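The chain contents come next:
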2 protein chains.
Amino acid sequence: MRLPSSDRLSSRQARIRQSLDVLSLQAFIVTSPSNIRYLSNHVGTSGVLVVTADTVYLLVDARYREAVSMLQRTASACPGLVVWDVPESYDEALVACLGETGASSIGFEAAHVTVDRYHSWQATMTRRGVTAELRTTARIVEQARVVKDAAEVAVLREAAERLTPVAAAAFEAVRVGQSERGVAAVIEAALRQAGYERPAFDTIVASGPHAALPHHRAGERMLAAGDLVVLDFGGVLDGYCSDLTRTRSVGAPSAEARQLHAAVLAAQQSAIEAVRSGAETTVVDAAARDVLRDRGLGDAFGHGTGHGLGLDIHEEPRITWPRPDVASVRLESGMVVTIEPGAYVPGFGGVRIEDDILVTDAGCEVLTRVSRELRWA
Amino acid sequence: MRLPSSDRLSSRQARIRQSLDVLSLQAFIVTSPSNIRYLSNHVGTSGVLVVTADTVYLLVDARYREAVSMLQRTASACPGLVVWDVPESYDEALVACLGETGASSIGFEAAHVTVDRYHSWQATMTRRGVTAELRTTARIVEQARVVKDAAEVAVLREAAERLTPVAAAAFEAVRVGQSERGVAAVIEAALRQAGYERPAFDTIVASGPHAALPHHRAGERMLAAGDLVVLDFGGVLDGYCSDLTRTRSVGAPSAEARQLHAAVLAAQQSAIEAVRSGAETTVVDAAARDVLRDRGLGDAFGHGTGHGLGLDIHEEPRITWPRPDVASVRLESGMVVTIEPGAYVPGFGGVRIEDDILVTDAGCEVLTRVSRELRWA
């Protein structure tokens, strides 16, 4: 697996430390696995990072000790790393580590810590006499992650391009007599064959009436002639996600199916044309949504137009309509996002078309390279 | 997909309402997806449940509306369900719903709500003039889930038994010239073939020195003669998880490999013999741990002996040594747990052997039916 170099990690850590300075935090507890990986190259479902002005403490239990030791002997070693052993409780070890740092004001990721865990930290600090103030922080690492560096773009491009043969295998499998799960199995085998380390999310194969359910996975239903089939899949390459949706017809599509597909395709094209550095996310969303509304499909498109893509399958920015709970942001060169409008008609079926897009100064580059046709030529 | 009947859901909801009565809560916010599914049959990554004395509110956005509507027309419909539409923000919709209930004391799942979300709820309640008290709760639904009912045991038994042909395919694939990822691909194709809806977790194929890393996944390493290969995989059937680990040798095993395998096998047998209704989890753990310690492998076994299995791959109870942060509990008839001791020798490799076990009054029933041999006969 290619991992960022130690120099790259140093740059990332420096940027985080600038944020900590601005917030007058002497230490920062990182608990999101993707954020931990971004700053340290440590891959795992456990582990906690504590970043101070000169040290990165990685708290891990015995299961990860050897893996960390191996990583530190490579060119991707985490700079300034001190491995802090967790013999039993992560919360106990964390509080001991925080005490060791001497920090008086400590930030934590409020979006990645449960109320339960926060209360446990507070109680443990009181019991151990660690008197520092714990302060909520928002999006410190996420903001750094939203614009990808050149090495990340290279991996994301390759992750997107490797979907081409996977899609070809999926299209071949879409035929009468095949089940949704059978198609999913073909897709997942092709993902492995293409060199991905794992699927990026649960593969979706939604056929016939199931295609009207945006988050149906893959069930026992057998594909039938005339079905629309929504295929939504992706793989993880060197930690980075790809995400593609195509909608295919089993045999000849009906006039209604062709119309629905053409409308979503036009909406997607419109949104892709709106993507450029400086464009507001709500404007990109409107570019897709207006096309569908003009064709009488406004109510059939109930989700956002896209999302950022990176170490997580759903990252910032969210590309959606103006909402009180979602900040509209301006796209920047180096962001990677999906554009995936859809239209869902209960009882009939649905269409979604999704590509992975790199934002550039001039406009954008579509990273996924797969035919958007409804039928196999 | 088989789903519990409406009657079964009624029983589960009644039990939760008893807990709410004891705690003097008029409403209970459920945010864990597995807990939501357990009480309502709603399957999805979004959605919030609010349980009151006579109603179960399910808050969902447009993506799930049609799926819920389909579910409610079946024999597995959620009793007392009111679907509460979420046009944009889940937090806004939740607070509106809480206001509608008129509840003055409202519980939430402290282990499944982030500090960020909790603060958002509080701010939204203040803004909308909803004055109820929010109170943390712990393990209300998890406690109900820990002992499986007859229908759940039937599914878990089948989920475990279907691993037999998957393991056979995996064993066939363990040979010189195959990569870890190649073996993982064989396993995942076999999981689909066996009828599982998806893998229960990222498949682990850890060969040679990687076998010393308990949480290695599957990489590009090619299997070599003499390697130990740890294979850890499982599938989800009708929502319930199976989980199996076997360790195989590539070709003839060395004396050291055979010794390590024999030690772990003896430890596993000892723990399985200790499993029965009424046994303390720490005693079951010690049964495995003592065997390894007596063979000089105490330091090589750094993780717990097992965990509960159900809708989640890791559930209560945890089977581990006496720890301040983990309650030792008595096993009860109807619990389903894994027993999975291991021994890891940095630089050399490792062994882990894991089965899924149903606790019974008389002792236990091993649900997984796969040879534990180090070599293919």
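Student: Please clarify how the packing of helix H10 (residues 255–274) of chain B against helix H11 (residues 281–294) of chain B should be interpreted in this entry.
Tutor: Relative orientation and spacing of two packed helices are given, respectively, by the angle between their axes and the distance between those axes. Residue and element names in this part refer to chain B. Orientation of H10 relative to H11, taken along the N-to-C sense of each, is 155°, at an axis distance of 8 Å. Comparing their axes, H11 and H10 come out roughly antiparallel. Between H10 and H11 the crossing geometry is right-handed. Contacts between H10 and H11 involve Ala263, Ala266, Ala267, Gln268, Ser270, Ala271, Glu273 and Ala274 from the first element and Val283, Val284, Ala287, Ala288, Val291 and Leu292 from the second. When grouped by side-chain class, the residues that make up the contact of H10 with H11 number 11 nonpolar, 2 polar and 1 charged.

Student: Looking at this structure, I do not really get the domain arrangement of chain A. What am I missing?
Tutor: When the parts come together, some accessible area is lost, and that loss is often what is quoted as the size of the interface. Residue and element names in this part refer to chain A. In terms of domain boundaries, chain A breaks down into domain 1 (6–145) and domain 2 (150–366). Summarising the inter-unit geometry, the C-alpha centres of domain 1 and domain 2 are found 35 Å apart. At the junction of the two partners, domain 1 supplies 6 residues and domain 2 supplies 7 residues. Considering every element that reaches the side of domain 1 that touches domain 2, the biggest residue donor is helix H2 (residues 33–40), with 3 residues.

Student: Is there a simple way to explain the relation of the copies chain A and chain B in this structure?
Tutor: With an RMSD of 0.0 Å, the fit of chain A onto chain B corresponds to turning through 180° and sliding 0.0 Å along the axis. Considering both components of the superposition, the chain copies are consistent with a two-fold axis. Of every C-alpha in chain A, the one belonging to Thr114(A) sits nearest the axis of rotation, 2.0 Å from it. Take the interface residues of chain A: 100% of them recur as interface residues in chain B, which is what a same-surface contact looks like.

Student: Please clarify how the interface of chain A and chain B should be interpreted in this entry.
Tutor: Facing the 44 residues of chain A at the interface are 45 residues of chain B. Those elements that place two or more of their residues in the side of chain A that touches chain B are helix H3 (62–71), helix H4 (90–101), helix H5 (115–128) and helix H9 (180–193) of chain A. For the side of chain A that touches chain B, the element with the most residues is H9(A), which contributes 7 residues.

Student: Looking at this model, I keep getting lost on the pairing of strand E5 (residues 105–109) of chain A. Mind explaining?
Tutor: Taken residue by residue, a regular strand's side chains alternate between the two faces of the sheet. Residue and element names in this part refer to chain A. Within E5, 4 of the 5 residues are buried, which leaves it mostly tucked inside the rest of the structure. Relative to E5, strand E1 (residues 27–30) runs parallel, the two being bridged by 3 bridges. In the sheet register, Phe28 faces E5, and the bridge partner there is Gly107. The sheet contact formed by E5 and strand E6 (residues 133–137) spans 5 bridges and is parallel. Looking at E6, one finds that Glu109 is bridged to Thr137. For the crossover from E5 across H5 to E6, the handedness is right-handed.

Conventions used here
- Residues numbered from 1 in each chain as written.
- Chains lettered and ligands numbered in written order.
- Predicted model: local features only at pLDDT ≥ 70, side-chain atom pairs only at ≥ 80, totals over all residues.
- Axes fitted to C-alpha atoms, helices over the stretch in contact; angles between N-to-C directions.
- Helix = DSSP H or I, 4+ residues; strand = E, 2+ residues; numbered from the N terminus.
- Parallel < 35°, antiparallel > 145°, perpendicular 65-115°, else oblique.
- Left-handed = near helix turned anticlockwise from the far one by under 90°.
- Contact = placed C-beta atoms within 7 Å.
- Nonpolar A, V, L, I, M, F, W, Y, C, P; charged D, E, K, R; others polar.
- Domains from an automatic or database assignment.
- Least-squares fit on C-alpha atoms with pLDDT ≥ 70 in both.
- Buried ≥ 20, exposed ≤ 12 C-beta atoms within 10 Å, placed from the backbone.
- Pairing = 2+ DSSP bridges.
- Right-handed = clockwise from strand over helix to strand, strands pointing away.

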